[in-house]
Amino acid sequence: MTISHYFRLLMLLALLLPTSVFAQTESQKTKKQIEPSDFQNTEAPFLLDATLYEMNFVHKPDAKLNEATLRITQPLSINGCAKIHPLETQTKVQGRNIEITVSAPIVTLDNKGHYTQHGCKQNMNAVTADVTLNRDQLITDEINKVVFKGPGGKDRYDIYVDHNKLSLFTKLKDSLTRKEIKIKGVADKVSFIPSKITQRKDPLTYWFYPDNLVLVYAASPPAGKDISSKIAMLARRNGLVEAEKLIPGFSSPLTDQNILYFIDQAGNLGDKLRSGVPAQLGDITINETFRGSQGPYNKEKKLAIFARPPGLLD
């Protein structure tokens, strides 16, 4: 090989070498861009699998007297640097039916750098949507059914509504009598079911409370002991009237027998309750059983009784 041939070969290698290195860098960059771990820091939202929703009525403090709020919850949560956006709902009336469509949950992940001293909040994110149902509109339009639609399917409920109560329930025909009967539980439901986390007998029944309704209760009631008669007696002495006497068909929606519903008909508690603090009505005396060295014995104990406005799940 002559010197000129050798020189030309070196020049050719010099021209090819940068191209080869550039191609390798681009290949590495492309590979880096499609690493799955990189998607953990993207701002792009993605949908979570949503096949089951739970529902219950809630008493929102800012709701109007003729409004019922149905809370729809997706039973999942994410703990970490993520935000679950509220469910979106669409409501439309079709004849005597209401159709409520619920979106799938959307999550946005945080792409900012986090360090120990400035970490992201490690809290659980609830995925909920509130649907407001207007009692007067339901009655005027003679609505008798609601259809819920979501990514996992759809379910149908019958509706009962009057001036005092709104209830969603399932009605099927009895196989023997062929008569329509109300049934308990989820029955034929596949995607939208009653919530199991509330202390209410029926999470899908809503009572339209007057604005002077209060709950009367003991601060520290004895477990498993019925003291409702003593609580009721003290409430009546304070001028309160049982809700059952003023609201047709009413019965306590709670499973706790020692929380009672009363109407402050005379307005005696108005100023106290407006402060946001439960109003103490007085004390009741109960007997508690203790065990001593000589066997069980009874001892009197005083319990403070309070009144408060209804809360979210009352």
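Residues numbered from 1 in each chain as written. Predicted model: local features only at pLDDT ≥ 70, side-chain atom pairs only at ≥ 80, totals over all residues. Heavy atoms only, no water.

A. Seen up close, the overall build of the protein chain. Secondary structure summary: the protein chain contains five helices and 19 strands in total. Residue burial in the protein chain is summarised as follows: out of 314 residues, 35% are buried. For the protein chain, the computed accessible surface area is about 19800 Å², with 54% contributed by carbon and sulfur atoms. (Helix = DSSP H or I, 4+ residues; strand = E, 2+ residues; numbered from the N terminus. Buried < 20%, exposed > 50% of the residue type's maximum accessible area, 1.4 Å probe, protein only. Areas by Shrake-Rupley, 256 points an atom, 1.4 Å probe, with all protein chains shown as cover.)

B. Summary view of the environment of N144. In this fold, N144 is placed in the loop between α2 (135-140) and β9 (145-150). Its relative accessible area of 24% is what places N144 among the partly exposed residues. Once you skip the residues sitting within four places of it in the chain, N144 turns out to touch R96, N97, Y157, D158 and I159. (Contact = heavy atoms within 4.5 Å.)

C. Up close: the sheet that holds strand β16 (residues 241-242). In spatial order, the strands read β16-β17-β15-β19-β18; together these five strands make up an open sheet with antiparallel pairing. Among the strands making up the open sheet, the edge pair consists of β16 and β18 (279-292). Bridging between β18 and strand β19 (residues 295-308) involves 13 bridges; their strand directions are antiparallel. Across the sheet, the residue bridging to T289 is N298, located in β19. (Pairing = 2+ DSSP bridges.)

D. The arrangement of the packing of aromatic side chains in detail. Applying the stated rule across the entire model yields 10 aromatic pairs. A ring pair is formed by Y206 and F208, whose centres lie 5.2 Å apart and whose planes are at 70°; its orientation type is edge-to-face. On the basis of relative accessibility, which here comes to 7%, the residue F208 falls in the buried class. Cluster of aromatic residues (ring-pair linked, three or more members): Y53, F148, Y157 and F192. Geometry around Y157 places K189 over its ring, the cationic atom sitting 4.5 Å from the centre. Positioned above the aromatic ring of Y217, the side-chain terminus of R308 is 5.4 Å from the ring centre. (Phe/Tyr/Trp six-rings, centres within 6.5 Å; stacked < 30°, edge-to-face > 60°. Lys NZ or Arg CZ within 6 Å of the ring centre and 35° of its normal.)

E. Main features of the sheet that holds strand β3 (residues 67-74). Here we have four strands laid out as an open sheet, ordered β8-β3-β2-β13, and mixed in their pairing. The outermost strands of the open sheet, each flanked by one partner alone, are β8 (127-134) and β13 (192-194). When the angles between neighbouring strand axes are averaged without regard to direction, this sheet yields 30°. Examined bridge by bridge, β3 and β8 share eight bridges and lie antiparallel to one another. Looking at the pairing, E67 lines up with N134 of β8. (Axes fitted to C-alpha atoms, helices over the stretch in contact; angles between N-to-C directions.)

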